[in-house]
Amino acid sequence: MNAKKYLKLGALLGIAYLLNSFAVQSGLFTDAPRPVKLNDRIEHKVDSLLALMTIEEKVGQMTLFTSDWDVTGPTLRAGYKDDIKKGRVGAIFNAHTAAFTRDLQRIAVEETRLGIPLLFGYDVIHGYKTIFPIPLGESASWDMPAIEASARVAGLEAAVSGLHWTFAPMVDIARDPRWGRVAEGAGEDPYLGSVIAAARVKGFQGKDFDNADAVLACAKHYAAYGAAQAGRDYHTVDMSERVLRDVYLPPFKAAADAGAWTFMTSFNELDGVPATGNKFLLTDILRNEWGFPGFVVTDYTSINEMVPHGIVANEKDAGELSVLAGVDMDMQGAVYYAHLANLVKEGRVPESIVDNCVRRILRIKFMLGLFENPYRFSDTDREKRTIMAPAHLETARDVSRKSIVLLKNEKNTLPLSKSTKSIALIGPLADNKSELIGSWSAAGDSKQCVSLLEGVRTRFGTTTKINYAKGCDINKSDKSGFKAALAVAKSADVILVAVGEEAGMSGEAASRSSLGLPGVQEDLVRDLVATGKPVVVVLMNGRPLAIPWIADNASAILETWFLGTQAGNAIADVLAGDYNPSGKLPMTFPRNVGQVPVFYSMKNTGRPFDANSKYTSKYLDTPNTPQYPFGFGLSYTTFSYSGLKTSASSFRYGETLEVRVTLKNTGSRDGEEVAQLYVRDLVGSVTRPVRELKGFQKVFLKAGESKELVFQLTAKDLAFYNQKMRFRAEAGDFDLFAGGDSDAKLSVRVQLLE
Ligand code: NOJ
């Protein structure tokens with residue numbers, strides 16, 4: 001570098017430093033773009049290849065079609081193999097296994113003019129063949145190493161099956177449990193959602209792609225899909241830019257910062273503009289503010305869907321809108337395929353824009369090593385050795401038991417006492433495998449799941465009599481099985497009843513308008529409770545349920561979501577006390593559907609609830625409080641919190657405040673607790689939520705042991721988007737709360753000074 005250039009760079013760095021320190025001093029923070037270092041060698045190869053390509057071949061790279069192997073959307077196209085041969089498709093999804101991907105890859109590499117390898121994508125959401133808990137369930141573990149480990153196994157199994165790319169993690173914040181897709185995400189909170197998003201991206205993508213044992217992550221659905229009106233899938237989203245930035249975008253930013261190479265657009269409109277044609281989201285924020293270097297794919301036919309949305313008159317206009325907004329790849333819609341070359345020829349879309357899209361896609365194909373060896377992910381021997389390896393099943397069992405949330409445990413009904421002589425195992429989900437893998441279970445085979453009955457027999461069978469009766473179906477009205485179930489129940493010391501939802505009642509296009517147990521399951525539980533025996537309700541479901549009667553009347557309740565391949569073993573581990581439950585709810589459980597949306601970080605309102613005053617914010621027929629708050633979960637031991645204090649009563653921008661609290665295991669068993677730290681900004685230039693999660697630690701303590709936990713807070717942790725839509729921490733008073741759920745009572749006040 002010559003002296004002049006050096007001085008210029010120095011001056012720029014100096015200005016950047018000054019701006020940054022000014023920003024810190026004034027409490028202003030920016031979402032700094034992720035620093036990206038592109039590989040010169042790869043860039044050179046991309047440019048050389050691009051120079052050889054016709055416009056049709058370029059559009060081919062921007063086209064993603066499904067194979068006929070699996071169906072994950074409303075349309076199928078005949079003739080995708082022919083399109084591969086013509087170089088008109090650059091990526092395929094819903095095609096997997098080393099053998100099948102190898103066959104398709106051969107067509108692309110050997111039979112097309114330029115031999116550009118295909119990219120293979122698939123919805124590997126919570127495991128490929130070894131199935132882990134549904135993401136919402138796994139999020140209840142609040143255990144980042146476990147979550148990363150599960151995504152790592154999923155990424156590895158997918159990679160050895162010929163896949164390069166998973167359409168995960170789904171990082172949509174969701175606050176309406178009617179929306180079936182809450183099952184796929186990390187729940188309601190932007191902070192928890194962000195750390196989980198990062199853990200999942202790291203797990204899927206591994207260290208690098210050198211050993212072909214990792215897949216590209218795809219943060220989806222960008223953005224705000226989780227706020228669909230009334231929880232109805234694909235419905236309209238309308239929210240302030242502030243809520244978008246404060247609540248819905250942070251997990252996407254975290255995924256981008258963790259290195260996610262791809263993003264998927266969402267089906268919904270946002271503020272009148274469908275996400276797939278939304279330049280504000282795709283270019284202004286994602287590329288310009290965040291510096292995202294990867295490529296953006298649409299969701300399934302979402303370019304075409306801009307016509308019924310009513311923002312364009314026809315698909316050609318839709319293609320123009322989306323490519324100009326910043327969409328690089330068209331999933332299944334064939335809009336780019338049909339129209340993009342003409343849009344360029346007619347001068348409606350500059351070819352340079354197309355070139356940039358193709359560059360971003362080819363760069364990744366080079367990065368994956370596909371030009372050196374297009375088959376490196378498709379190795380049948382490696383596939384055989386790797387899929388469902390014993391270590392993967394162990395990882396699944398570990399994360400599964402960590403995902404279980406103990407919601408109630410009256411009179412220490414659980415763990416089951418060693419003197420239990422007989423167990424009645426009842427319910428439509430007790431001897432069931434088909435539902436255990438939940439929705440979006442990729443190549444998972446439910447027959448390989450351990451059912452609850454199998455898990456319980458293996459764990460207790462030698463010492464305890466186990467009698468099973470189904471009782472009823474999940475979603476039918478027939479009660480003829482109740483009699484046999486009650487007969488079994490009457491002869492047992494304890495009743496375990498497994499009830500919940502079908503796997504297909506959550507996930508895509510699976511919204512519900514009620515949140516109770518479907519069919520006659522609750523009636524079955526009521527009859528079992530009426531026997532007077534202890535009743536342990538084992539819930540299996542894909543969303544928060546409203547179960548007020550069960551909450552009041554069951555002896556114990558275990559929320560087990562859909563735990564996947566190792567479900568039965570993991571639940572048996574918890575029932576027996578071999579594992580002490582440590583899960584905490586990542587999403588509020590309402591008392592009834594009329595409370596929805598109900599989440600912990602609501603606003604106070606001008607008339608907060610006051611039992612003595614009529615004119616306050618409340619319902620006439622139900623409390624404001626939920627059945628179970630966010631962050632809630634019991635253990636077989638108990639924990640106490642004390643001595644909450646801060647390193648200073650006030651702190652300034654640029655300083656770090658230490659927050660200390662003593663956690664004690666006050667029970668008689670060893671156990672883990674998720675200690676949570678919340679803040680409330682008492683006065684803001686815009687109103688602030690009553691609480692916001694700002695930190696948590698999952699801590700193991702022996703019975704009787706205590707530990708002082710230290711959290712660190714900076715002004716940036718207190719920042720939010722102000723009236724001018726600038727991300728700023730405002731001086732003033734803040735209450736900090738520490739405890740085992742979002743209702744934590746222990747608090748201390750601190751002041752942030754200018
Ligand atoms: C539609 C879903 O919304 C998305 O999550 C999924 O990745 C695609 N279909 C592909 O299956």
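Given the structure is predicted, the values throughout are model-derived calculations rather than measurements.

Conventions adopted
Residues numbered from 1 in each chain as written. Predicted model: local features only at pLDDT ≥ 70, side-chain atom pairs only at ≥ 80, totals over all residues. Heavy atoms only, no water. Buried < 20%, exposed > 50% of the residue type's maximum accessible area, 1.4 Å probe, protein only. Helix = DSSP H or I, 4+ residues; strand = E, 2+ residues; numbered from the N terminus. Pairing = 2+ DSSP bridges. Axes fitted to C-alpha atoms, helices over the stretch in contact; angles between N-to-C directions. Salt bridge = Lys/Arg side-chain N within 4 Å of Asp/Glu carboxyl O. Near = heavy atom within 4 Å. Polar contact = N/O pair within 3.5 Å; in protein donor to acceptor, adjacent residues only side chain to side chain. Areas by Shrake-Rupley, 256 points an atom, 1.4 Å probe, with all protein chains shown as cover. Nonpolar A, V, L, I, M, F, W, Y, C, P; charged D, E, K, R; others polar.

Teacher, can you tell me more about the pairing of strand E20 (residues 671–681) here?
Regular strands place side chains that alternate from one sheet face to the opposite one. Counting buried positions over the eleven residues of E20 gives ten, a clear majority of the element. Sheet topology places E20 next to strand E21 (residues 692–701); nine bridges connect them, and they run antiparallel. Its bridge partner being in E21, Val674 is matched across the sheet by Lys698. Strand direction decides the pairing type here: E20 and strand E25 (residues 732–739), joined by six bridges, are antiparallel. Bridging across to E25, Leu677 finds its partner in Ala738.

Would you explain the sheet that holds E25 in this entry?
Paired through their backbone hydrogen bonds, the strands of a sheet run either parallel or antiparallel. The sheet built from five strands is open, its strands ordered E18-E26-E25-E20-E21 with mixed pairing. Each having just a single partner strand, strand E18 (650–652) and E21 make up the two edges of the open sheet. Between one strand axis and the next, the sheet turns through 25° on average, direction left out of account. As defined by bridge partners, E18 adjoins strand E26 (residues 746–753) across three bridges and the pair is classed as parallel. Bridge pairing in E26 places Ser650 opposite Gln751.

Explain the pattern of salt bridges to me, please; I cannot follow it from the model alone.
Here the idea is simple: oppositely charged side chains can pair when their charged atoms come close. This model, assessed by the stated rule, comprises 50 salt bridges. Each of the salt bridges in this network shares a partner with another, and the network as a whole consists of Lys316, Asp317, Glu320, Glu346 and Arg348.

Even after reading the chapter, I still don't get the site of the ligand, so can you show me in this structure?
Every one of the 14 residues lining the ligand counts as a neighbour, but Thr72, Asp123, Arg181, His221 and Asp299 are closest to it. Within the side chain of Thr72, one N or O atom sits 2.6 Å away from an oxygen atom of the ligand. Between His221 and the ligand, the recorded distance is 2.6 Å, taken from a side-chain N or O atom to an oxygen atom. Calculation on the ligand without its partners gives an accessible area of 300 Å², and the protein chains cover 100% of this total. Across the shell around the ligand, the residue classes tally to seven nonpolar, two polar and five charged.

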